[in-house]
Amino acid sequence: MKKLKIQRNHMKKKWLVLLIPVLALLFLGLGAVGQYNGLVDSYAEVENAQANVDTQLQRRYDLIPNVVAAVKGAMEHEEEIFTAIAEARAKIGSSQQGTGEYNQAQSQLDSAVSRLLVVAENYPQLTANQQVSDLITELEGTENRILVARKDYNAVATSYNKKIKRFPTSIYAGLFGYEKVELFQATNDAATTVPSVDLSDEE
């Protein structure tokens, strides 16, 4: 009888020895699944925010030729701005989205469009044409939407970047290939010049 009890105790100890690593592996596995799903969700938010920015950038890209065509005749002495816009659009069209060249071209376009909107204030005759006024208003609105979309992206991207640096998420981020994403930086002109268009009727 004593021998039987000893055998049972021995078997229990054996099961405990086997059960502990199994439970530990199960715990780690569940932790890995949770961490992975969290990373997937965070990165999906970054991608969605980036898509919103891209939508507004495409809207501006498509709108600019109409604006330029409408104001170029009245703004004969601003050829430098139109050249800068044309060059930036050409670079955007020929570069791959997300590359350094593409982002640099978008920054150049930011600067050129900002200058165009500010200089347009010096041509009150443009506001006399309702179609031109509507186009400039639409471009200004698009610039504001780009600013908001980039700000929203930076907030989501910053949260994601912090998350993949924190322990233990940093381990799983490295394991699953989740890397830091870049934030949008304001260009010098964008940081110092706020586009403002006064479309009130001039006497």
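Residues numbered from 1 in each chain as written. Predicted model: local features only at pLDDT ≥ 70, side-chain atom pairs only at ≥ 80, totals over all residues. Heavy atoms only, no water.

Draft legend 1. Layout of the overall build of the protein. When you go through the protein residue by residue, the secondary structure sums to 6 helices and 0 strands. From first element to last, N terminus to C terminus, the protein shows the α and β order α-α-α-α-α-α. Counting over 203 residues, the protein shows a buried share of 32%. Sequence separation of at least 24 residues holds for 77% of the intrachain contacts in the protein that already meet a minimum separation of 6. Carbon and sulfur atoms form 56% of the exposed surface of the protein, whose accessible area is close to 13300 Å². (Helix = DSSP H or I, 4+ residues; strand = E, 2+ residues; numbered from the N terminus. Buried < 20%, exposed > 50% of the residue type's maximum accessible area, 1.4 Å probe, protein only. Contact = heavy atoms within 4.5 Å. Areas by Shrake-Rupley, 256 points an atom, 1.4 Å probe, with all protein chains shown as cover.)

Draft legend 2. Structural detail: helix α5 (residues 169-176). Among the residues of α5, those classed as buried are Thr-169, Tyr-172 and Ala-173. All buried residues of α5 fall inside an arc of 105 degrees around its axis, so they share one side. Exposed residues lying more than 90 degrees from the buried face of α5 are Gly-174 and Leu-175. At the C-terminal side of α5, Gly-177 shows a positive phi close to 80 degrees. (Arc of directions from axis to C-beta.)

Draft legend 3. Structural view of the nonpolar core. Ranked by size, the top nonpolar core spans 41 residues in total, and within it Val-71, Met-75, Ile-85, Leu-116, Leu-126 and Leu-139 carry the most contacts. Those elements that place two or more of their residues in this core are α1 (2-71), α2 (79-94), α3 (100-120), α4 (130-165) and α5. (Core = buried A, V, L, I, M, F, W, Y, C linked by side-chain atoms within 4.5 Å.)

Draft legend 4. Main features of the pattern of salt bridges. Overall, the coordinates contain 6 salt bridges when judged by the stated rule. A salt bridge links Arg-60 to Glu-143; the nearest nitrogen and oxygen atoms lie 3.0 Å apart. Taken together, the residues Arg-60 in helix α1 and Glu-143 in helix α4 connect sequence positions 83 residues apart. With a relative accessible area of 0%, Arg-60 lands in the buried category. For Glu-79, the salt bridge identified is with Lys-72, shortest N-O distance 3.9 Å. With a relative accessible area of 40%, Glu-79 lands in the partly exposed category. With a relative accessible area of 37%, Lys-72 lands in the partly exposed category. A single network of salt bridges, built from pairs that share partners, joins Arg-60, Asp-110, Glu-143 and Arg-150. (Salt bridge = Lys/Arg side-chain N within 4 Å of Asp/Glu carboxyl O.)

Draft legend 5. Expanded view of the packing of α3 against α4. For the pair α3 and α4, the least separation of the axes is 11 Å and the interaxial angle reads 140 degrees. Between α3 and α4, the interaxial angle falls into the category oblique. The chirality of how α3 crosses α4 is left-handed. Along its contact with α3, which presents Gln-106, Asp-110, Val-113, Leu-116, Leu-117 and Ala-120, the element α4 presents Ile-136, Leu-139, Glu-140, Glu-143 and Arg-150. (Axes fitted to C-alpha atoms, helices over the stretch in contact; angles between N-to-C directions. Parallel < 35°, antiparallel > 145°, perpendicular 65-115°, else oblique. Left-handed = near helix turned anticlockwise from the far one by under 90°.)

Draft legend 6. Just the environment of Gln-130, in detail. One can find Gln-130 in helix α4. Judged by relative accessible area, Gln-130 falls into the exposed class, the value being 54%. Reaching out from Gln-130, the side chain makes a polar contact with the side chain of Asp-134 at a distance of 2.8 Å. (Polar contact = N/O pair within 3.5 Å; in protein donor to acceptor, adjacent residues only side chain to side chain.)

As far as function goes, none of this settles anything; it's purely spatial.
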